[in-house]
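Geometric and topological summary
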Amino acid sequence: MDLTRALPLTTDRLLLRPFVPEDPEDIDGMYAYHRLPEVARHLYRPPRTREQCAAVVTDAATLPTWENDGDALILAAERAVAPGVIGEIVLRCASAHARQTEIGWTLHPAHGGRGYATEAAAALAAFAFDTLRTHRLFARLDVENTASARLCGRLGMRREAHLVENDLDGDRWGSEYVYAALTHELRRA
Ligand SMILES: CC(C)(COP(=O)(O)OP(=O)(O)OC[C@H]1O[C@@H](n2cnc3c(N)ncnc32)[C@H](O)[C@@H]1OP(=O)(O)O)[C@@H](O)C(=O)NCCC(=O)NCCS
């Protein structure tokens, strides 16, 4: 599938677009939130360096064909009123055969509490069902990630699993919720 024709996406307040390879502003924009311990906390990894962000931006700039398990679409979120990356929304092809797609989100805390992550996630969830032919959309989140759990609820996702101590985050056993939605369950804008 050629995704270049289908992107970017726009919402009432946001532009969701591919990252630009080696673009210093995109790298700095991403680094601004991925360097923060409070952002990394629920992602089961340490904060990222600027060099790591540069590598992610370059990888993300090449759009996937969405034909293989593991294909990932990472879009930068920008406000319509002001340029600059404020976060990212990710779709990952968990099973091309069974059309299972994982969704994830990260927002700079300075832009939190305004509904931007929900707006971006709702648009990308609709894109997953309508354009990528996803059958089931799911999210995995740490049980302590209450902001993400509320976001899943706003999208219309059901909590369908509670995985107990299924991962190790440093020296802390992490437990996860799995939320999911089929196309008719998605709460569309
Ligand atoms: C998860 C994360 C994106 C949620 O951020 P957020 O600011 O709570 O999400 P939104 O931008 O959608 O804002 C929603 C909040 O704004 C409020 N809000 C204000 N105006 C709003 C509007 N116009 N529309 C919707 N919500 C609005 C909502 O009530 C909600 O607040 P509440 O959760 O206290 O009820 C953010 O905490 C984050 O990046 N965390 C670190 C990374 C992470 O955990 N990623 C997920 C891994 S699974």
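Residues numbered from 1 in each chain as written. Predicted model: local features only at pLDDT ≥ 70, side-chain atom pairs only at ≥ 80, totals over all residues. Heavy atoms only, no water.

By nearness alone, 21 residues border the ligand, and Trp105, Gly113, Thr118, Asn145 and Arg150 come closest of all. With respect to the ligand, the backbone of Gly115 contributes an N or O atom lying 3.0 Å from an oxygen atom. Surface burial for the ligand is 69%, taken as the share of its 950 Å² of free accessible area covered by protein chains. The set of elements that each furnish at least two residues to the shell around the ligand consists of β5 (100-107), α4 (116-130), β6 (136-142) and α5 (146-155). Examining the composition of the shell around the ligand, we find that four residues originate from one element, α5, more than from any other. Among the residues making up the shell around the ligand, the classes are represented as eight nonpolar, eight polar and five charged. (Near = heavy atom within 4 Å. Polar contact = N/O pair within 3.5 Å; in protein donor to acceptor, adjacent residues only side chain to side chain. Areas by Shrake-Rupley, 256 points an atom, 1.4 Å probe, with all protein chains shown as cover. Helix = DSSP H or I, 4+ residues; strand = E, 2+ residues; numbered from the N terminus. Nonpolar A, V, L, I, M, F, W, Y, C, P; charged D, E, K, R; others polar.)

Strand order in the open sheet made by the eight strands is β1-β2-β3-β4-β5-β6-β8-β7, with mixed pairing throughout. The open sheet has two edge strands, β1 (9-10) and β7 (158-169), and neither has a second partner. As paired elements, β5 and β6 share three bridges and run parallel to each other. Paired with Glu102 across the strands is Phe138, a residue of β6. (Pairing = 2+ DSSP bridges.)

In this section: the environment of Phe129. Note on placement: Phe129 falls in helix α4. Residues Phe129 and Cys93, 36 residues apart in the sequence, show an inter-C-alpha distance of 12 Å. In this structure, Phe129 is in contact with Thr134, His135, Arg136, Leu137, Ala181, Leu182, Thr183, Leu186 and Arg188, ignoring residues within four places of it in sequence. (Contact = heavy atoms within 4.5 Å.)

Another aspect to go through is the pairing of β7. Side chains on a regular strand alternate between the two faces of the sheet. Where β7 lies against strand β8 (residues 172-182), eight bridges are found, and the strand directions are antiparallel. Following the sheet pairing, Ala161 is matched in β8 by Val178. Hairpin connection between β7 and β8: a loop of two residues separates the two successive antiparallel strands, and Gly170 in this loop has a positive phi of roughly 65°.

A general tendency of soluble globular proteins is for nonpolar side chains to be buried together. Of all hydrophobic cores here, the largest spans 40 residues; its most connected members are Leu91, Ile103, Trp105, Phe127 and Met157. For this core, the elements supplying multiple residues, two or more each, are β2 (14-18), β3 (72-79), β4 (82-95), β5, α4, β6, α5 and β8. Setting aside chain neighbours within four positions, we find Trp105 in contact with Glu88, Ile89, Ala121, Ala139, Ser148, Leu151, Cys152 and Leu155. Judged by nonpolar contacts, the second largest core, of 13 residues, contains Met30, Val39, Ala60 and Ile74. (Core = buried A, V, L, I, M, F, W, Y, C linked by side-chain atoms within 4.5 Å. Buried < 20%, exposed > 50% of the residue type's maximum accessible area, 1.4 Å probe, protein only.)

This part is about the packing of helix α1 (residues 24-34) against helix α3 (residues 50-61). Look at α1 against α3: their axes get within 9 Å of each other, and the N-to-C directions meet at 125°. Looking at the two axes, α1 sits oblique to α3. Seen from above, α1 lies across α3 with right-handed handedness. Packed against α1, whose contacting residues are Pro24, Asp26, Ile27, Asp28, Met30, Tyr31 and His34, the element α3 presents Arg50, Cys53, Ala54, Val56 and Val57 at the interface. Looking at the contact of α1 with α3 residue by residue, the classes come out as eight nonpolar, one polar and three charged. (Axes fitted to C-alpha atoms, helices over the stretch in contact; angles between N-to-C directions. Parallel < 35°, antiparallel > 145°, perpendicular 65-115°, else oblique. Left-handed = near helix turned anticlockwise from the far one by under 90°.)

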